[in-house]
Amino acid sequence: MPPFESRAKPTLSSLYRQSLDLYTASLNKNPFDPIVWSNRAAVRLKLEEHGLAIADASRAIELNPRFVKAYLRRALANLAIMKPKGAVTDLKKVLQLEPNNTSAKAQLDATQKLLRRLRFEAAISSKDEVATKVATSIKIRDQLAQGIAPLEKDYAGPMLSPDGKPTVEFVDSLLTWFKDGKIVLGAQEQLVAEPTLVECEVPEGETINVIGDTHGQYYDFLHLHTLTGKPSATHTLLFNGDFVDRGSWSTEIVVVLFAYKWLYPKKVFLNRGNHETADMNKKLFEEVFTALPLATLVSATLPPRSDASPNPKNPTLHNGMKRFFVVHGGLFSREDVLLSEIRDVDRLKQKQPGQEGLMCKMLWTDPQDQNGRGPSKRGVGIGFGPDITRWWTEKNEVTAVIRSHEVRQGGYSVEHNGLLITVFSSPNYVDQVGNFAAFATIDATGETKFTTFSEQPHPPIKPMAYAGNMGFGL
């Protein structure tokens, strides 16, 4: 594998950055042009800087209250950060200005339907933890019994054994069946039984692979498995959220993960990402995703080796061993968050991350180069600097934070003086970004190594082929 610097062709992400710089230069000369503000908002949407996109679109609207594209772009950004109410307001304004805008009308209908569903679910959610677990399980079973996904008469794919449990042969045949083109309760039962902060030890002679966002890119997911090896009684895989969305094979990936979780509950771990939420998923998956743990504490079982390259230097240890806090997004807006408080988060009662609180931060925050904390470029969560990471890891006796959530051109990055690792496992993200992907391998001494890989060919189906009107009129 050649190093990622050897790619001579500029990536789409770098071209967006160039465009962003040009629009910024133009605004420095003339800050009163609403078209430029709106166009910069469109570029920020492509870069998933949704909070900054909202700010730019809002400035365009201030300068020209009849600028339809600015309202559309602000609506898209609000939808991306789970603020459908703001999107509804902007879409209604678009239809007031352009009554015949069919794309905006379709998106408004879909967003209002989403709001009604979220309000209904909030109204019926139980306050009792045990009742919540039971109600969720009953709801899923009722959906299956009512034929939410009936089996076609000519179905010739993988079949569970008579006792209803998966086997190695079943999961292998499932992988092949999906690849050729064409198990949720069992996984849900395992996930509900796990704590919010899962603890996983790496035994002597074994390793654990930490895998970042896979985002529905099934053919890259299959290639990833050839590099990590499949999970087994002696091989652990930890998937750090965002299994779904963006790529067009989300269902295939998540069903395989659920099958593996059911088959190897103590060797396959699934953290929740910001895309495993109610506004991006429906029915069965929406329910099961609420049971996903929020983080995993990976602990070595042997002292660090003296001949291993120090990363970070002078690592913080817990009882003489390395350990890693693996979470999808990042750290917190408060100074005093301890592991014990994370363990106490009642994810089954809260269900969705919302806009504030520990669950929101664990799923949404991003690192920044500057010390301290700053506003999020996404519009949800915060930015946290190297000093925040150092203080939190020392306070909690954590060697490093491993997170995902953001594209890295080389597939991974080691930041904040070695205390923060980002691993992203979707190569050539959405068939456009041109990035490598990577995963981390941690052994029983806590030594961490990285493997990078490139995208694989896939059938001619574009990313987000299922997304309907989400790309209207940029």
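Placed above this text is the structure.
Residues numbered from 1 in each chain as written. Predicted model: local features only at pLDDT ≥ 70, side-chain atom pairs only at ≥ 80, totals over all residues. Heavy atoms only, no water.

### Quick notes on the overall build of the chain
So, step 1. Helix and strand counts for the chain stand at 16 helices and 14 strands.
So, step 2. Within the chain, the proportion of its 474 residues that are buried is 54%.
So, step 3. Accessible area of the chain: about 21100 Å², with a carbon and sulfur share of 54%. (Helix = DSSP H or I, 4+ residues; strand = E, 2+ residues; numbered from the N terminus. Buried < 20%, exposed > 50% of the residue type's maximum accessible area, 1.4 Å probe, protein only. Areas by Shrake-Rupley, 256 points an atom, 1.4 Å probe, with all protein chains shown as cover.)

### Observations regarding the pattern of salt bridges
Should their charged atoms come close, side chains of opposite charge can pair.
So, step 1. Tallied over the entire structure, the rule returns 26 salt bridges.
So, step 2. Between R305 and D307 there is a salt bridge, and its shortest N-O distance comes to 3.0 Å.
So, step 3. The class for R305 is partly exposed, based on a relative accessible area of 36%.
So, step 4. Taking the relative accessible area as the measure of exposure, D307 reaches 61% and is therefore exposed.
So, step 5. K361 serves as the salt-bridge partner of E356, at 3.1 Å between the closest nitrogen and oxygen. (Salt bridge = Lys/Arg side-chain N within 4 Å of Asp/Glu carboxyl O.)

### Some remarks on a positive patch on the surface
So, step 1. Residues K85, K113, R116 and R119 make up a contiguous surface patch of positive charge.
So, step 2. The biggest single contributor to the positive patch is helix α6 (residues 102–124), with three residues.
So, step 3. Here R119 shows up in helix α6. (Patch = residues over 30% accessible without salt bridge, like charges linked within 9 Å, V, L, I, M, F, W, Y side chains within 5 Å. Lys, Arg positive; Asp, Glu negative; His and termini not counted. Charge placed at Lys NZ, Arg CZ, Asp CG, Glu CD.)

### Thoughts on the packing of aromatic side chains
When we look at a pair of aromatic rings, we describe it by the centre distance and by the angle of the planes.
So, step 1. Within this structure, the stated rule accounts for 10 aromatic pairs.
So, step 2. With 5.7 Å between their ring centres and 85° between their planes, Y218 and Y219 make a pair best called edge-to-face. Each member of the pair, Y218 as well as Y219, carries the same accessibility label: buried.
So, step 3. Aromatic side chains F325 and W392 sit 4.9 Å apart centroid to centroid with 50° between the ring planes, which places their arrangement in the tilted category. Note that F325 is positioned in strand β6 (residues 323–327) and W392 in helix α16 (residues 386–395), a separation of 67 residues in sequence. Both residues of the pair, F325 and W392, count as buried. (Phe/Tyr/Trp six-rings, centres within 6.5 Å; stacked < 30°, edge-to-face > 60°.)

### Considerations on the sheet that holds strand β7 (residues 366–367)
So, step 1. Strand order in the open sheet formed by three strands is β7-β9-β8, and the pairing between neighbours is mixed. The open sheet terminates on both sides in strands that have one partner only, identified here as β7 and β8 (373–375).
So, step 2. Bridge count between β8 and strand β9 (residues 382–384): three bridges; the pairing is antiparallel. Within the sheet, the bridge partner assigned to R373 lies in β9 and is F384. (Pairing = 2+ DSSP bridges.)

### Here's the deal with the nonpolar core
So, step 1. Among the nonpolar cores identified, the biggest contains 41 residues, and Y218, F239, F243, V254, F258 and L270 are the most heavily contacted of them.
So, step 2. Looking at this core, the elements with two or more residues in it are α8 (168–179), α9 (184–193), α10 (218–228), β3 (236–240), α11 (250–263), β4 (268–271), α12 (283–289) and β13 (437–443).
So, step 3. With nine residues, α11 is the single largest residue contributor to this core.
So, step 4. In this structure, V254 is in contact with F243, V244, F285 and F289, ignoring residues within four places of it in sequence.
So, step 5. Counting residues in each nonpolar core, the second largest holds 32 residues, with A53, F325, L363 and V380 among its members. (Core = buried A, V, L, I, M, F, W, Y, C linked by side-chain atoms within 4.5 Å. Contact = heavy atoms within 4.5 Å.)

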